[in-house]
Structure formats: structure tokens, C-alpha cells
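Architecture and fold: a report
This is what each chain is made of:
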Amino acid sequence: MKRDLALKASEKIGEKVLVSGWASNLRDHGSLIFIDMRDWSGIIQLTIDEKYKDAFETAKKVGLEFVIQAIGKVVNREESVINPNIPTGKVEIVVEELTILNKCKNLPFPLDDDGRNIDENLRLKYRYIDIRRKRIRDLIQLRHQFIQYTRNWFDQHGFTHVDTPLLTVSSPEGARDFLVPSRIYPGKFFALPQAPQQYKQLLMVGGVDKYFQIAPCMRDEDPRADRHSGAFYQLDVECSFIDQQSFFEEVEPYFKDVVNDMTNKKLLEYPFRQIPYEESMDRYGSDKPDIRFGMELFDLSEEFNNSGLDIFKTVNCVKAIFVPREFSRKEIDELTEKVKLQGAKGLAWFKYDEGKLDSSLVKFFDEKLQKAISDKVASNTPDAKNGMIFAIAGEKIHTQKQTGWLRLQMGDLLQLRDPNLLAFCWIVNFPIYEFDDKTGKWDFGHNPFTMPQGGMDSLKNKPMGEIYGTQYDIACNGYEIASGSIRNHDPEILIEAFRLIGVDEEETRKRYNHIISAFEFGAPPHGGFAPGIDRLMMIFFDESNIREVYAFPQTNGQELMTGAPREITNEDLKLYGLKHDDMGNEICEQIKAILDSKKITYELTEHKEAKTSEEAAKIRGISLDMGAKTVVMRSKIYPSKMIMAVVPADKHVDIEAFQESINHEVEVAPAELVEKRTGLKVGAIPPFGRLLGMDVYFDKAIYSKDKMVFSAGRRDKSILIDAKDLIAACEPDIISSDLDISR
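Below is a summary of the structure that appears in this document. (Residues numbered from 1 in each chain as written. Predicted model: local features only at pLDDT ≥ 70, side-chain atom pairs only at ≥ 80, totals over all residues. Heavy atoms only, no water.)

**Quick word on the overall build of the protein chain**
Put simply, the test is: Working definition: helices are DSSP H or I runs of at least four residues, strands are E runs of at least two. Numbering for both runs from the N terminus. C-alpha atoms define the radius of gyration in this analysis, and the globule rule sets the expected value at 2.2 Å times the number of residues to the power 0.38. The contact criterion used is simple: two residues touch if any of their non-hydrogen atoms lie within 4.5 Å.
Summing up its helical and strand segments, the protein chain has 23 helices and 31 strands in all. Over its C-alpha atoms the protein chain spans a radius of gyration of 30 Å, differing by no more than 12% from the 27 Å that the globule rule assigns to 743 residues. Oriented by its inertia axes, the alpha-carbon framework of the protein chain measures out at about 90 × 70 × 65 Å. A sequence separation of at least 24 residues applies to 68% of the contacts in the protein chain between residues at least 6 apart.

**As for the side chain of Arg715**
Assignment of secondary structure puts Arg715 in the loop between β30 (707-711) and β31 (717-722). Once you skip the residues sitting within four places of it in the chain, Arg715 turns out to touch His607, Lys608, Glu609, Ala610, Lys611, Lys681, Val682, Gly683 and Ala684.

**Topic: the nonpolar core**
We count it as follows: For the purposes of this section, nonpolar cores are sets of buried Ala, Val, Leu, Ile, Met, Phe, Trp, Tyr and Cys residues that join through side-chain atoms within 4.5 Å. When accessible area is computed with a 1.4 Å probe and restricted to protein chains, residues below 20% of their type maximum are described as buried, those above 50% as exposed, and intermediate ones as partly exposed.
If you look at the biggest cluster of nonpolar residues, it comprises 47 residues, and the most contacted ones within it are Phe424 and Phe529. Look past the residues within four positions of Phe424 in its chain and what remains in contact with it is Phe255, Val259, Leu267, Phe272, Arg273, Ile291, Ile474, Ala475, Cys476 and Phe540. Residues Phe688, Val696, Phe698 and Ala712 belong to the second largest nonpolar core, which totals 32 residues.

**Digging into the sheet that holds strand β16 (residues 356-358)**
Short version of the rule: Strands pair, by our definition, only if DSSP identifies at least two bridges between them. Note on definitions: angles span 0 to 180 degrees between N-to-C directions of axes, and those axes are lines fitted to C-alpha atoms, for helices only across the stretch in contact.
A sheet is described by the order of its strands in space; here 5 strands give the open sequence β13-β14-β17-β15-β16, paired in antiparallel fashion. Edge positions in the sheet fall to β13 (298-299) and β16, since each has one partner strand and no second. Both strand β15 (residues 348-353) and strand β17 (residues 386-394) contribute to a ladder of 6 bridges, which runs antiparallel. Note that in β17 the partner of Tyr352 across the bridge is Gly387. Against the sheet, helix α11 (residues 329-341) makes contact with β15 and β17, and its axis sits at roughly 30 degrees relative to β17, the strand it touches most.

**Comments concerning the sheet that holds strand β4 (residues 67-76)**
The 5 strands lie next to each other as β1-β2-β3-β5-β4, forming a closed barrel whose pairing is mixed. Taken pair by pair, the neighbouring strands of this sheet meet at an average axis angle of 55 degrees, ignoring direction. Where β4 and strand β5 (residues 91-102) come together, 10 bridges link them in antiparallel fashion. Following the sheet pairing, Val75 is matched in β5 by Glu92.

**Observations regarding empty space enclosed by the protein**
If a probe as big as a water molecule is rolled over the atoms, it shows which places are left empty. For the record, the criterion: In this analysis a 1.4 Å probe is tested at points of a 1 Å grid over the protein atoms alone, and where it fits but cannot get out there is a cavity; an open set with protein on both sides within 12 Å along at least five of seven lines is a pocket; lining residues have an atom within 4 Å of a point. Grid points are joined across faces, edges and corners, and a volume is the space filled by probe spheres set on the points. Polarity classes work like this: nonpolar for Ala, Val, Leu, Ile, Met, Phe, Trp, Tyr, Cys and Pro, charged for Asp, Glu, Lys and Arg, and polar for all others, with Gly in that last group.
If you walk through the whole model with that rule in mind, you get 2 cavities of 30 Å³ or more. In this structure, the largest cavity encloses a volume near 60 Å³. Here the lining of the largest cavity is built from residues that sort into 3 nonpolar, 5 polar and 1 charged. Its boundaries defined by the atoms lining it, the second largest cavity holds a volume of some 40 Å³. Every residue along the wall of the second largest cavity is listed here: Phe430, Pro431, Ile432, His446, Asn447, Thr450, Gly469 and Gln471. Here the lining of the second largest cavity is composed, by residue class, of 3 nonpolar, 5 polar and no charged.

**What about a positive patch on the surface?**
Selection rule: Patches here: salt-bridge-free residues with over 30% relative accessible area, like charges joined within 9 Å, nonpolar side chains (Val, Leu, Ile, Met, Phe, Trp, Tyr) joined within 5 Å. Reported accessibility uses the Shrake-Rupley method at a 1.4 Å probe radius. Residues are deemed covered only where the shown protein chains occlude them. Every case where a carboxyl oxygen of Asp or Glu lies within 4 Å of a side-chain nitrogen of Lys or Arg is listed as a salt bridge. Asp and Glu are treated as the negative residues and Lys and Arg as the positive ones, with His and the ends of the chain left uncounted. All charge positions are set by atom: Lys at NZ, Arg at CZ, Asp at CG, Glu at CD.
A surface patch of positive charge is lined by Lys288, Lys401, Lys438 and Lys599. With respect to the secondary-structure elements, Lys288 resides in the loop between α8 (277-284) and β13. Taking the relative accessible area as the measure of exposure, Lys288 reaches 33% and is therefore partly exposed.

**Quick word on the pattern of salt bridges**
Going through the model one piece at a time under the given rule, you end up with 55 salt bridges. Note that Arg135 and Glu548 form a salt bridge whose closest N and O atoms lie 3.2 Å from each other. Of this pair, Arg135 sits in helix α5 (residues 134-156) while Glu548 is found in the loop between α17 (533-540) and α18 (570-575), placing the two residues 413 residues apart along the sequence. In this structure Glu548 comes out as buried when scored by relative accessible area, which is 8%.

**Considerations on a negative patch on the surface**
Taken together, Glu326, Asp353, Glu354 and Asp358 make up a surface patch of like negative charges. Structurally, Glu354 is set in the loop between β15 and β16.

**Thoughts on the packing of α5 against α17**
Note the threshold: In this scheme, roughly parallel covers angles under 35 degrees and roughly antiparallel covers those over 145, while 65 to 115 is roughly perpendicular and the rest are oblique. Two helices crossing with the near one rotated counterclockwise from the far one by less than a right angle form a left-handed crossing, whereas a clockwise rotation gives a right-handed crossing.
It is at 11 Å that the axes of α5 and α17 come closest, and there the two elements cross at 120 degrees. The orientation of α5 relative to α17 falls into the category oblique. In terms of crossing hand, the pair formed by α5 and α17 is right-handed. Facing Leu139, Leu142, Arg143, Phe146 and Ile147 of α5, the residues of α17 in contact are Ile533, Asp534, Leu536, Met537 and Phe540. Considered class by class, the residues forming the contact of α5 with α17 number 8 nonpolar, no polar and 2 charged.

**Description of the packing of aromatic side chains**
The cut-off we apply is this: Geometry of aromatic contacts follows a simple scheme: Phe, Tyr and Trp rings, the Trp one being its six-membered ring, pair when their centres are within 6.5 Å, and the pair is stacked under 30 degrees between planes, edge-to-face over 60, tilted otherwise. A ring is considered to have a charge above it if a Lys NZ or an Arg CZ atom is located within 6 Å of its centre and within 35 degrees of its normal.
Enumeration according to the criterion identifies 35 aromatic pairs in this entry. Directly above the aromatic system of Tyr270 lies the positively charged group of Lys256, at a separation of 5.6 Å from the ring centroid.

**A short note on helix α7 (residues 244-262)**
Given 3.6 residues to a turn, an α-helix orients residues that are three or four positions apart in the same direction. Spelled out, the test is: Each helix should span, by expectation, one fewer than its residue count multiplied by 1.5 Å. Throughout, the bend at a residue refers to the angle made by two axes, fitted to the seven residues ending there and to the seven starting there.
Between its terminal C-alpha atoms α7 stretches 27 Å, which fits the 27 Å expected from 19 residues at 1.5 Å a residue. Helix geometry: α7 is bent most strongly at Val251, by close to 25 degrees, with proline Pro253 lying one to four residues after it. Every buried residue of α7 is listed here: Gln244, Phe247, Phe248, Val251, Glu252, Tyr254, Phe255, Asp257, Val258, Val259 and Met262.

**Description of the layout of surface pockets**
There is about 640 Å³ of room inside the second largest pocket. For the second largest pocket, the lining is made up of 29 residues, of which Arg38, Ile43, Leu111, Lys134 and Arg137 are closest to its centre. Elements supplying a minimum of two residues to the lining of the second largest pocket: β1 (16-28), β2 (32-39), β3 (42-49) and α5. Residue contributions to the lining of the second largest pocket peak at 5 residues, all from α5. Grouping the constituent residues of the lining of the second largest pocket by class yields 10 nonpolar, 7 polar and 12 charged.

Pasting the structure below:
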């Protein structure tokens, strides 16, 4: 007898069917036993009457999540017991035969809710059980339908699907590669593709007209709520003989169609708005703006420069927003601290009441300046009556981003970000080059293979800061969905683009010989982009955490179910010509790179090796309380999970308080285990837990410090840094500012 899924069986009223699945709920009513049986299609009720003795005796032995098989007749339920909450709720199967196919141990967690309140690490460790949960099962099915819809759409619109290699060479995508050692060629490595970027361009050279692929991409990046660590999937698209506007017109219908056909959401506007990069930063403080609401930034640089406050007289930029809500002083103080964590020096504010300003700062602004500020509020927000003006001052790019962050927080607070709207927009006119203040040199700001607007003429005749590329991003609801560009397909223009940043033709050809050589055999104009499948899923189907849209996600660079990554034996290392090395210098370089990227000022010192906090303070010539003590904990529940606690060096971690604060049982990890897992000696562990694949928590005492010193991966290297910058760089858990975990 052929098996039916529950949903299909429910349609066969009066027929005998065979169904199989899991016992998700059990109810014993004496002479009747009810089992809610779940399979991939849903749940159907099995009714076992005592008149079917063998089936009834078997039903008594069934436990929760036992795997069962039943044969019986599909009948309509009595009207009083119809369940309108499930598709099969009008029927039940009167079971004549019941078989237990497999038993189930006690579950590590219940499956009768959405699972959001269950420890995520526990769910991921037993992901094969968590997949039985309706929410996760629905997401897997939605992902299948979404990818199938996407494949069909691009096929129907003349695109050709092509698979590209997974073992390739390193590419300039801006992230770290995952490397695969070659056994056949010792000392050489493949790179897993960060994107099929160069292959898809070579396909254009080969004559493929319009290409697409649901491409796996591997980048060694730190995870975020909207970015999966390790592998992710993108809709990779490239077209020949196309310009920027034509490409937008080619792909915008896909987004319109997929939103209309696969979601319950509405587009804010169509066609999509095109916003120049500099305008986007100026109006929204972001190159991935959420345009579902207004509250745009406005400039108060001139007004603050001309005020009576000396600290503002030479400030580079002041950006402000108007918020139509009153705030208490406590709320303003809390908001100020949050803004400081974003790198701002503080938060200036005025109460606004129908054009009149009130604040402790008002006395520093004469009537003319106050009127200028009020006029800008009225111009920016014509219906403004009562509310607050919040302003942030500093270097332009940082001030724009910090005020943009504040805008989003206010959008959430006032519930202006309608979850039922999808607001797509293109960000265009990115500058090709950006100046690095630290090195005093120009470098590529984005993809170096972007065709400059104006071609060779721009490269030859325009200042570098005024050369714009045919680079574009598409954003939606404050998320970057994809980056793309019209590519630089002309070898001479490509070589000139690199020459401007000091890379001569010989070096450029050495780095990118395969693609430059290909272009010399006749490359057509071409361009494309690569939307993130996982991020689109997250936005379309209202998931706040991108990991939930994967069947088997990673967290903190680990796949908890299988324990990947794992150590390999020395014998395996030798097979590939590899050996273990001291990680200290490498971690130190990674820390420096993080601090440099965030433009944080710090002082790196090399000194005599220090094994204890007290010895380190003496060698460094600082008070003990300036040091950051890093303690690595091991989970008692998941022995492979490591957690980092950071306290002032004159304190100890209060383990009981720490456990209570994070709601997790832990113990101090043995030194041998810490060294084995991190490659670093105890006493050299930096507070950058996320670099080492650990959750990290700071004691609240660190938030009130001025300066801190910490070991930078080696016992003979220390970094002196402002405490607020250390917090910003290490990104401890959000609850850290309230954690009292030291004694």
C-alpha cells in the first residue's frame, strides 16, 4: 500500500490510507486514544478505538516523537470537534493497524511552540530535532519555493544557469578566504570562492549572454544577525552588452514579481528610486537607507560653528534629526550613552515647541542662530510642532553614520518602519577611490573592476576624488541586498585605474593576468550583481536572525551539531605539508586590523614576557586596575562551547554572578584546553572573544574606565586604548553594560 502524506490523506474521505510520521501529541481518553501524527506536510489526527485491539495495545506504548505507521479510514470529524487551526482539522483517520517504527528518547526541548525562547545553541546542537518544529519546517519549505521560483523566473527571462568551480584562487572580494591545501601540489592552496565574480565575467568573454546561478559563497567573516558566518548563498547575475540603466530595467521586474507572488508584503514604490551615494549618506546617514519613513538628516554645521561653544567652532560636521516626541532627561542620558557606543563623543539636544528652542545649550546660540535651526526643522519636517532635535558632531563620514544609526533607533521607537512594506532603492554614483588618512594614499573604495564613469578620460583628467564608478547597490528596509557594477572590460582602462593608486602595469598583470588576458581577446561591455538569497529570505518572511533561514546554520563560526570545525591530527597536517604555528602574532595583526579599520587610536608596546596580571602591570608601568583580565569559561552543558568574561585586572570573575547573569552554567576552562583551542598561551588572551569564536561579556566596571591595557595575543605585547574604543572594537554582548560579574 502506498503511503500518503497527511495533507493528501485528508482529501480521501471514506478511503483507507497508509500514513507515517511522528507522534507529536498523545491523548488517552480510556476507550479512545488520539495521536496527532506529524509528517512533512503537517499534522493529522489518528483515532484508535479499543475495538481494534492490536492497534489499541500498540497505541498505549507510543511515546512522544515515536516514529509510527498507521493504516485506517479517513472520516469527517463531528462538527463540535473540528480544528480550524490546521488544514486537516475537519477529518481524522480511524486506525485499524498501528506500527511503532522507532522509539524516541526524551527530547532536549519542546516542539510545540516557535522555539524563540529556547537557547539557540541547544537548538542548533539538536538541529535535526528542531527541524520538526513547524516554524523551521515552514522556513525550509519557503526557501525551496523561493529558490525554485527564482530559477524559473530567470530561466523564463532568457538567463542561462551555469555552475562555476568551488576550488579556485583567491579573489579581491574584501574578506578573508577559506583555504584548501593541495596534497598533489604541496605548499599551494585552493581558495573556496567568496563569489564567482571572475568566472561570471569570463563567461561573458565566452559569449554567454545572460547568466545566473544560486551560488554558494564562502567568506571568513564575523557573523552578525543579518550575515551568516562561513557559507552563504547569492543569486549571481551577469549580463553582456548592457549599461547601468538597462541592467536596472532587466532585474527590477524580478523583485516586483517575487514580492507579489511569494510574500504578503507590498512595494513602497516601483520602479525603484535611484539615490546617489553622497546624497544617501547626507540624507539618511547610510548607504543602505531605510526609506519607509522620513526623519531625514539635516546639517547644522554652520549654526554650531558660529555658536558660543568653543568645542563646536572648528568641528567638521554636525548632523541632526527632528524626532516628533518628547524625551525625559533620563531617556536622553540613556540615548547619549548608546550613541557614544557608536563612536560619537556625545549628543546635543534641543526641545522644539512650534519653532522655539529650549535646552541648556540655547544660551550659546543667539536669536539668529536659533531661528536658522528652527527654519531647518520646518524645512526638513513641514508638519513639525513639538519634539526633539538631536545633533551629533565630528568627522563627516562618522557623524553621518552615527546620526543615521540614531535615525533608525527613532524609527523603531516610533514604529515608523512598517514591516508590511518593502522599500527597495538603488544607491548609485559611488566614488571609485577613497583617501586613507592613515596611510596618506588613495585606494579603491569598492570593486576595483568597476568601469569609471567617463572611461579613460575621467582617469586621465579628473581629480581622484571626483572619479565616480558605475558601481551600484540595491538596498531594502535598511539592509544591503546586493552590490554590483558595470565592469571595466577594457584592459587599458583597467591598468590605468590601478596605476593611479601606485600599482604599475607589471604588478597589475601579475595579480590579475588571467582576467586581463581574457579581456584582450575581446570582452563585451557587461555588468551584474548578486543579491543575498538568505538576506532576502530574512526580510521577505520576517526573520530577525539570518541563521533561521538555513537548515543547518553556523553560529560564531561553528556548526554545533557536527562540531565543525575540528582539529586534525599531525599526520593529516604532514600529508598536506602543514604544521602548527604560534598564533599570537597572527591574532595581534588581526586586532590591529580591526582597530585600524575603525580608525581607533591605540598604542602597541613590546616588552618583557608577563605571565600574570600583577607581573604585567609592573612591567607595563601601570596600575593594576588599568589592565583587562580575560578569563575563558567552559560551558557545563556544552563542553565544546567557550565563553569569555573580561574584568578589570585587580578583580576576579564572580562565577556565580556570571552564571546567573547569562543564565548558563560555566566553569573556568583548563589552561591546556584554552591553549589547544585558541593557539594562545594563558595570559596572552586578548578581550577580542569574537576573533576566537567565543561569546564575550564585559564587566560593567570597564564602561567607567578611561584607559585600558590588554595582552594582544602574546605575553610580550600589550595595547593601550581608550576604554570606550575597546568596547566598540570588541563588541561585547549587549547586556555587558549592566553586568556586575567581578569581585
